[in-house]
Amino acid sequence: MNMLLLPPPLSVRFPSIRWAYPVPRHHQILHRPLFAAGTPSVATSLLCSKRLDFDDGDDVASLQNRRYDFAPLLQFLSISPDWDIDSASPTSFDPAELRLAESYRAVPAPLWHSLLKSLCSSSSSIQTAYSLVTWLQKHNLCFSFELLYSILINALGRSEKLYEAFLLSQRQTLTPLTYNALIGACARNDDLEKALNLMSRMRRDGYQPDVVNYSLVIQSLTRSNEIDSVMLQKLYEEIEGDKIELDGQLLNDIVLGFAKAGDVNRALSFLAMIQGNGLSPRTSTIVAVLSALGDSGRTLEAEAIFEELKEGRLKPRTRAYNALLKGYSKAGSLKDAESIVSEMETSGVSPDEQTYSLLIDAYGNAGRWESARILLKEMEARNVQPNSYVFSRILASYRDRGEWQRSFQVLREMKNCGVRPDRHFYNVMIDAFGKYNCLDHAMATFERMKSEGIQPDNVTWNTLIDCHGKLGHHKKAEELFEEMQESGCAPCTTTYNIMINSFGEQERWNDVKSLLGKMRSQGLLPNVVTYTTLVDIYGQSGRFNEAIECLEDMRSAGLKPSATMYNALINAYAQRGLSEQAVHAFRVMRSDGLKPSTLALNSLINAFGEDRRDAEAFAVLQYMKENDLKPDVVTYTTLMKALIRVEKFDRVPAVFEEMMLSGCTPDRKARAMLRSALKYMKQTLRS
């Protein structure tokens, strides 16, 4: 056989490649990676510098005295225009090509796999990899073609060429190997729908996904920030059903996923499983759990995990301290926040920009502006440059406490520190002005933002449109909506939800339907907020048939109605005194497994009050007490209103007194109800 047994390497050949398993020094495989057909090679160092790994344990003892030079083959593939992935097999062969094929007849499959992997490691040589697979198949030189295809699919996925990967997968029947490669490619490109569909199809064909793909799918879910605890639990049930042994990587991914989804209990359960199996959780996993516990207000459990981290092999670093600090800041535990920062410095862990941001946030929430300013100075002294985000957090804390006037002070302080406002800062500033009806300031900030070369994003436009709509400035809101589209910023689902609400308040029902059609034509599907908005606007206008249709449409779209949606429907019935319909909506809400809220029950009380059924209104109060739902000031005010409607003025003071004894502080409306009842009682006595 005309095998190319080579003399010692010439200067034009490449250095030998190191193999993952022991190979005698004289067994060298000489590679020459090329670009697509017809393109001169400029990446000759690619294959030379790569360490090639085998996935199997093939015996290579028989190869000890052979060296293979693939340069002639790669040169041939690079100058042959017909060698693309879709080229059809010719009816005849060139004699020179046949001789070339014969010269490689004895090359074992592992070497072809390694050559292909090397070519696939760079996007510039993927076309050559295509040609190589086609050529090998044409000449029957390597019989594990499914592995070759899976290597190519993996490479295409890593190069973000998912469409090409699917085209390639159609060239032969999908096997477990190619299925898993394709699922992995989809997951790496965050195309979860395709990945999950392929996993279902794979099971129908009698195969099971591998552990790597479950990890990749969960990682993709986590990256997309669309991870849902129910979805993750379903994936875990599939893992159990497939009898896949959980390794450390997958367990860490599951913990991270549940933590990001806000399901802290399940995250803790799987964290315990990692430790129980003698495995070590990654630092990022611990940080995610700490952060989730902090977000849930469970700082004591976060402290326990943090202490366990300190006692173990993992030394807490800045990210772990920041996760705990975030919990203290959110819980308003300022002393604990200051304490953890002090401990951090004592332990030799340097605070970073986020550390200072979180502590400044805590000071801002506590109203300690001077402490925040001192901390800013400390940042400067330590050469930690505050960024715009730090100031946006200070601004947000003032906004949330109603001190929108401080926006100008924060802006001045920001400039004194030499920090330029960014888009996020301006968005928070516009939101602060919008929330307190300062539309002139909001628009002035918007113009200033554009004059500084900062392009508004969806958040900017949505905030402006929403604050104008809420104040009844619907014409201006619509103008901004049009201006947004003209600027090249595409409306998102939130934008459409805001405009649907605006048109609904104006009872422009045809425009509402037109917006829904336009939304769908742009590939945007209505979400829970969309349907809740539709139910609310239809209900408030007395168009209850349309509201119920929206509920049914939502279910048919696979979405579960939310408690907020039922609250809107019950409240709409209550406004019109339709107590029976309100009760029916309440019962449907319960049948959907939703726990009634104080808001829903207050609406039910209002429905009975408007329908002059005070006994049933007080029955709802009793239901609240029996089910550990604390009545609030709205509850008692609505009950007083119900009594006044049926002219039972003498019972109003008792309700007011019960409200006081329950710890509720009467508001202006509650006191007005009491004064109104007392006034009628006096008039009755005089007459």
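Preceding this paragraph is the structure being described.
Treat the numbers as computed from the prediction; the structure is a model and nothing was measured.

*Asks:* Explanation requested: the pattern of salt bridges in the structure shown.
*Replies:* If charged atoms from side chains of opposite charge come close, those side chains can pair. A full pass over the atoms with the stated rule returns 35 salt bridges. A salt bridge links Glu-301 to Arg-298; the nearest nitrogen and oxygen atoms lie 2.6 Å apart. One salt bridge in this structure joins Arg-448 and Glu-452, with 3.6 Å as the shortest N-O distance. Classification of Glu-452 as partly exposed rests on a relative accessible area of 28%. Connected through salt bridges with shared partners, the residues Arg-399, Asp-400, Asp-431 and Lys-435 form a single ionic network.

*Asks:* Whenever I open this one, the side chain of Ser-562 confuses me. Can you help?
*Replies:* Within the secondary structure layout, Ser-562 lies in the loop between α29 (544-556) and α30 (563-575). With residues up to four places along the chain from it excluded, the contact list for Ser-562 reads Val-528, Thr-532, Met-554 and Leu-594.

*Asks:* Just checking my understanding: could you explain the packing of helix α26 (residues 493-505) against helix α27 (residues 509-521) for this structure?
*Replies:* In a pair of packed helices, the angle between the axes and the distance between the axes together describe the arrangement. For the pair α26 and α27, the least separation of the axes is 8 Å and the interaxial angle reads 170°. The angle between α26 and α27 places the two elements in the roughly antiparallel class. When α26 is examined against α27, the residues Thr-493, Tyr-496, Asn-497, Met-499, Ile-500, Phe-503 and Gly-504 are found in contact with a partner set consisting of Trp-509, Asp-511, Val-512, Leu-515, Leu-516, Lys-518 and Met-519. Here the residues of the contact of α26 with α27 sort into nine nonpolar, three polar and two charged.

*Asks:* Sorry if this is basic, but what is going on with α29 here?
*Replies:* Each turn of an α-helix holds 3.6 residues, which means side chains three or four residues apart point in the same direction. End to end, α29 covers 19 Å across 13 residues, agreeing with the expected 18 Å (1.5 Å per residue, within 8%). Turning to α29, its buried residues number three or more, namely Phe-544, Ala-547, Cys-550, Leu-551 and Met-554. Along the axis of α29, the buried positions cluster into a sector of 110°, meaning they face one direction only. Exposed side of α29, more than 90 degrees from the buried face: Asn-545 and Ser-556 are the residues found there. The inward-facing, buried residues of α29 contact α28 (528-540) and α30. Just downstream of α29 lies Gly-558, where phi reads positive at about 85°.

Quick notes on the rules
- Residues numbered from 1 in each chain as written.
- Predicted model: local features only at pLDDT ≥ 70, side-chain atom pairs only at ≥ 80, totals over all residues.
- Heavy atoms only, no water.
- Salt bridge = Lys/Arg side-chain N within 4 Å of Asp/Glu carboxyl O.
- Buried < 20%, exposed > 50% of the residue type's maximum accessible area, 1.4 Å probe, protein only.
- Helix = DSSP H or I, 4+ residues; strand = E, 2+ residues; numbered from the N terminus.
- Contact = heavy atoms within 4.5 Å.
- Axes fitted to C-alpha atoms, helices over the stretch in contact; angles between N-to-C directions.
- Parallel < 35°, antiparallel > 145°, perpendicular 65-115°, else oblique.
- Nonpolar A, V, L, I, M, F, W, Y, C, P; charged D, E, K, R; others polar.
- Expected span 1.5 Å × (residues − 1).
- Arc of directions from axis to C-beta.

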